[in-house]
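The lines below spell out each chain.
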Amino acid sequence: MSIDVLLVDEDRDVLEIVQTFLEQEDDLDVTSEGDPETALELALSGGYDVVVSDYKMPRLDGLELCGELRDRDRSLPFLLFSAREPDDVRPAAEEAGVTGFVQKGTGTEQYAELAEKIRAAT
């Protein structure tokens, strides 16, 4: 059974790289979206098992996106995938209802960690 992932980041290059790595996992199907407002509509329409979002985005950041989702659907797991230090965002992320956090970095270990967090959240 596959896990349907909605990946949200305003940077198209990041979306492409992350989607490529995640889809190397046999059980992950990834839909990428660069606009967080469109991503909110997609997430609310159903069909996704988890949302993975960047933190800093224009118009609607990752925490605001999570908050909007939590206002409407408390059950959908939401992971932040951000370059920010975990301790910098953890209090606000917990308050917003974020399920988990993976820090972006160099190398490919981050993608394996993200895949594991996705599986654990679902």
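What counts and what doesn't
Residues numbered from 1 in each chain as written. Predicted model: local features only at pLDDT ≥ 70, side-chain atom pairs only at ≥ 80, totals over all residues. Heavy atoms only, no water. Pairing = 2+ DSSP bridges. Helix = DSSP H or I, 4+ residues; strand = E, 2+ residues; numbered from the N terminus. Axes fitted to C-alpha atoms, helices over the stretch in contact; angles between N-to-C directions. Contact = heavy atoms within 4.5 Å. Salt bridge = Lys/Arg side-chain N within 4 Å of Asp/Glu carboxyl O. Buried < 20%, exposed > 50% of the residue type's maximum accessible area, 1.4 Å probe, protein only. Arc of directions from axis to C-beta.

(A) Highlighting the sheet that holds strand S4 (residues 78-82). Taken together, 5 strands build an open sheet; the order of strands is S2-S1-S3-S4-S5 and the sheet is parallel. At either margin of the open sheet sits one strand with a lone partner, and together these are strand S2 (28-33) and strand S5 (100-103). The mean angle between the axes of side-by-side strands here comes to 25°, regardless of whether they run parallel or antiparallel. Here strand S3 (residues 50-53) pairs with S4 via 3 bridges, running parallel. Within S4, the position partnered with Val51 by the bridge is Phe78. The strands touched by helix H2 (residues 36-44) within the sheet are strand S1 (3-8), S2 and S3, with S1 carrying the most contacts at an inclination of about 160°. The strands touched by helix H3 (residues 62-72) within the sheet are S1, S3 and S4, with S4 carrying the most contacts at an inclination of about 175°.

(B) Quick look at the pattern of salt bridges. This structure, assessed with the given rule, holds 9 salt bridges. The residue Glu68 makes a salt bridge to Arg72 at a minimum N-O spacing of 3.2 Å. Taken together, the residues Glu68 and Arg72, both in helix H3 and 4 residues apart, mark about one turn of the helix. Overall, Arg72 belongs to the exposed group, its relative accessible area being 52%.

(C) Region of interest: H2. Listing the buried residues of H2 in full gives Pro36, Ala39, Leu40 and Ala43. In an axial view of H2, the angular spread of the buried residues amounts to 105°, which keeps them on one side of the axis. Residues of H2 that are buried sit in contact with S1, S2, S3 and H3. One or two residues past the end of H2 sits Gly46, with phi positive at roughly 90°.

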